[in-house]
Amino acid sequence: MASRMLWASRAASYLRISVFHRGFSTVLNDLKYADSHEWVKVNGNSATIGITDHAQDHLGDVVYVELPEVGATVKQGDSFGAVESVKATSDVNSPVSGKVVEVNEELSNSPALVNSSPYENGWIIKVEMNDAGELKNLMGSEEYSKFCEEEDSKH
């Protein structure tokens, strides 16, 4: 199968035909999404943050996650850490502003949880939000799905 895919990719390249990987990522309805591919799950004033299934799929196998310190301040849209994969290193931006109250220490020993369970065991930080009004700057599941489709069609 792999040799057939390689042959097809080479043939497409030779014929100058555009071929792209079309994966269908999971998008959960009860989350909000940033255009930088982070998700946030809000429970009262608490926000759990991670990277989306779409992001981890494009990154490939995650080998290291840089975590902030508990007590650090994060600002909506600003980087608070990074995810390193076999393909690339990518900043992780906070979808909301607030104070980091917990980090997922499991990621130090098992960074691949970001790949295998991006919305459950692969969460990155928990934040006490400063301004719940910032959530209106984020996308819902349908809007984020369309955003990903449009982004993928450009590549």
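Before reading on, note that the structure itself is shown above.
Just so we're clear, the structure is a prediction, and the values are computed from it rather than from any experiment. (Residues numbered from 1 in each chain as written. Predicted model: local features only at pLDDT ≥ 70, side-chain atom pairs only at ≥ 80, totals over all residues. Heavy atoms only, no water.)

**Looking at the packing of aromatic side chains**
Defined as follows: Aromatic pairing here means that ring centres of Phe, Tyr or Trp (its six-membered ring) are within 6.5 Å. Orientation follows from the plane angle: under 30 degrees is stacked, over 60 is edge-to-face, and everything else is tilted. Helix and strand assignments follow DSSP, with helices taken as H or I runs no shorter than four residues and strands as E runs no shorter than two, numbered in order from the N terminus. For the exposure calls, accessible area comes from a 1.4 Å probe over protein chains only, and a residue counts as buried if that area is under 20% of its type's maximum, exposed if over 50%, partly exposed in between. Here, a charge over a ring means that NZ of Lys or CZ of Arg falls within 6 Å of the ring centre while also lying within 35 degrees of the ring normal.
Evaluated as defined, the whole model comprises 3 aromatic pairs. Measuring from ring centre to ring centre gives 5.8 Å for W39 and Y119, while their planes differ by 55°; the resulting arrangement is tilted. Within this pair, whereas W39 is found in strand β2 (residues 38–43), its partner Y119 is found in the loop between α4 (113–116) and β9 (125–129), the two being separated by 80 residues in sequence. Each member of the pair, W39 as well as Y119, carries the same accessibility label: buried. Grouping aromatic residues by their ring pairs yields a cluster made of Y33, Y144 and F147. Above the plane of the ring of W123 lies K126, whose end atom (NZ or CZ) is 4.8 Å from the centre.

**Examining helix α5 (residues 141–153)**
Note the threshold: Under the convention used throughout, the expected extent of a helix is 1.5 Å for every residue step, that is, one less than its residue count. Note that the arc is computed from the directions linking the helix axis to the C-beta atoms. Whether two residues touch is decided by their heavy atoms; if any such pair falls within 4.5 Å, the residues are in contact.
Under the 1.5 Å per step criterion, the end-to-end length of α5 is 18 Å for 13 residues, consistent within 8% with the ideal 18 Å. Within α5, the full set of buried residues consists of S141, Y144, C148 and D152. Projected down its long axis, α5 carries its buried residues within an arc of 70°, all on one side. Opposite its buried face, α5 presents the exposed residues E142, K146, E150 and S153, each directed more than 90 degrees away. Looking at the buried side of α5, the elements it contacts are β1 (32–33) and α2 (53–59).

**A closer look at the nonpolar core**
The condition is simple: Remark: nonpolar core denotes a set of buried residues (Ala, Val, Leu, Ile, Met, Phe, Trp, Tyr, Cys) joined through side-chain atoms within 4.5 Å.
With 26 residues, the main nonpolar core has I51, V96, I124 and I125 as its most contacted residues. Elements with a minimum of two residues in this core: β3 (46–51), α2, β4 (62–66), β6 (79–85), β8 (98–103), α4 and β9. Dropping the residues within four chain positions of it, I124 is found in contact with I49, G50, I51, V65, L67, F80, V83, V92, V103, N104 and L107. Grouped together as the second largest cluster of nonpolar side chains are 8 residues, L31, Y33, Y119 and C148 included.

**Section: the side chain of S94**
Of note, S94 is situated in the loop between β7 (89–93) and β8. Those residues in contact with S94 that lie beyond four places of it in its chain are I49, V74, K75, Q76, G77, D78 and F80.

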